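Close look at the chain arrangement
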Amino acid sequence: MQRIDGAAIAAKVLEETKKRADILIGRGIRPGLAVVLVGDDPASRAYVRSKDKKAADLGFHSVKKELPASTTQAELLAVVEELNRDASVHGILVQSPPPPHINEAEIVRAIDPRKDVDGFHPENVGKLAMDDPTGFVPCTPMGCIRLLAEAGIETSGRKAVIVGRSMIVGKPMALLLMRKGPGGDATVTVAHSRTKNLAAVTREADIVIAAIGRPHFLGTDHIREGAAVIDVGINRVDDPASPKGYRLVGDVDYDAVAERCAAITPVPGGVGPMTIAMLMSNTVTAAERL
Ligand code: NDP
């Protein structure tokens, strides 16, 4: 069984990204990333902190905007518009989820698509669906594709089952795996909460991508011997033995499934670090395109 080391592969992506950033910096263009947080959700705060830190480590111009939970839609739109106009900022992301009174779809649409390094703007979603490489691809599914490539897992002609159909993970993942060419050409099935007999569907798969948001939901019943498993899930479970009182686990019962699969990503240390590395890469791409 191959344990796919997302932390090591992310370090490689970050090294490549730093080289590309250094070339730009040498030409007087410092890649700029702005991360906007509304409210004080602890998990979102932690994500924003690590994105800001990673950007600074790579020598980017890093802007962190922390806004109170009481921020109105109009105030948030004004912040996005200011960042759209700011020539020192090449990538903008608004950390999800915002407080419930914020219309997130409207905020995403307000981001200049050329600065939409999360790849959530309708223009970028459309470009992904149309195989137009001038858009931005969402970071998590792009990270999963890179993990498969680095682990030497063939996708062409193989059966991939994605569990989850969100706009952030499941849907773009399906589009990427069905693309023509390297990293694609898979026969893709997308399962979700209405799928009947999920285990029978996932057992057919050579490659399983789990993006559900339920701790240890997929077990040995769901995974056939020799399959490759990419576990996107990040779930907090109570753990009195941990100083924080919780620990992070994936959507896959790692210990049980690792016994039978050919390759699997751990949680933490699998997809998570790749998402951040891909965000940095997209930011450099945005700066290179200007
Ligand atoms: P969403 O809640 O948006 O989507 C979850 C998907 O899982 C939905 O399509 C839902 O189906 C499906 N689902 C829920 N329950 C079941 C079930 N019982 N059987 C089959 N399918 C089910 O979550 P996200 O896509 O945003 O995130 C998924 C997980 O990935 C979360 O744990 C999240 O924390 C993690 N994540 C990790 C990232 C990383 O960097 N590693 C980045 C982004 C997310 P339906 O559509 O029918 O409701």
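Look above for the structure.
An account of the accompanying structure is given in this report. (Residues numbered from 1 in each chain as written. Predicted model: local features only at pLDDT ≥ 70, side-chain atom pairs only at ≥ 80, totals over all residues. Heavy atoms only, no water.)

Two elements, strand β5 (residues 159-163) and strand β6 (residues 187-191), share five bridges in a ladder whose sense is parallel. Bridge pairing in β6 links V163 to A191. Note on the crossover from β5 through helix α7 (residues 170-177) to β6: the handedness is right-handed. (Pairing = 2+ DSSP bridges. Helix = DSSP H or I, 4+ residues; strand = E, 2+ residues; numbered from the N terminus. Right-handed = clockwise from strand over helix to strand, strands pointing away.)

To continue, consider the site of the ligand. The local shell around the ligand holds 20 residues, among which R165, S166, S193, I234 and T275 are the closest. Within the side chain of S193, one N or O atom sits 2.5 Å away from an oxygen atom of the ligand. Take R214: an N or O atom from its side chain is 3.2 Å from a nitrogen atom of the ligand. Taken by itself the ligand offers 920 Å² of open surface, and the protein chains cover 71% of this. The element best represented in the shell around the ligand is helix α10 (residues 271-289), accounting for three residues. Per-class residue counts for the shell around the ligand are eight nonpolar, ten polar and two charged. (Near = heavy atom within 4 Å. Polar contact = N/O pair within 3.5 Å; in protein donor to acceptor, adjacent residues only side chain to side chain. Areas by Shrake-Rupley, 256 points an atom, 1.4 Å probe, with all protein chains shown as cover. Nonpolar A, V, L, I, M, F, W, Y, C, P; charged D, E, K, R; others polar.)

Next up on the list: the nonpolar core. In this structure, I4, I153, L177, I209, I230, V232 and M280 are the most contacted members of the largest nonpolar core, which totals 51 residues. Sequence-distant contacts of I230, that is, excluding residues within four places in its chain, are made with I4, C144, L147, L148, V208, I209, A210, T265 and V271. (Core = buried A, V, L, I, M, F, W, Y, C linked by side-chain atoms within 4.5 Å. Buried < 20%, exposed > 50% of the residue type's maximum accessible area, 1.4 Å probe, protein only. Contact = heavy atoms within 4.5 Å.)

A word on unusual backbone geometry. Peptide bonds are, in most cases, trans, and in most cases residues other than glycine have a negative phi. S96 connects to P97 through a cis peptide bond whose omega is -5°. Mapped onto the fold, P97 is located in the loop between β4 (91-94) and α4 (104-110). Omega for the peptide link from V267 to P268 comes to -5°, which places this bond in the cis form. Residue placement: P268 occurs in the loop between β11 (263-264) and α10. The backbone phi angle of D131 is positive, close to 60°, even though this residue is not glycine. Considering the arrangement of structural elements, one finds D131 in the loop between α5 (122-129) and α6 (139-150). You can call D131 partly exposed: its relative accessible area is 47%. You will see that N197, though not glycine, has its phi angle at about 50°, which is positive. Along the chain, N197 turns up in the loop between β6 and α8 (198-202). Exposure remark for N197: the relative accessible area of 53% places this residue in the exposed category.

Everything listed is a geometric property; what it means functionally is a separate question.
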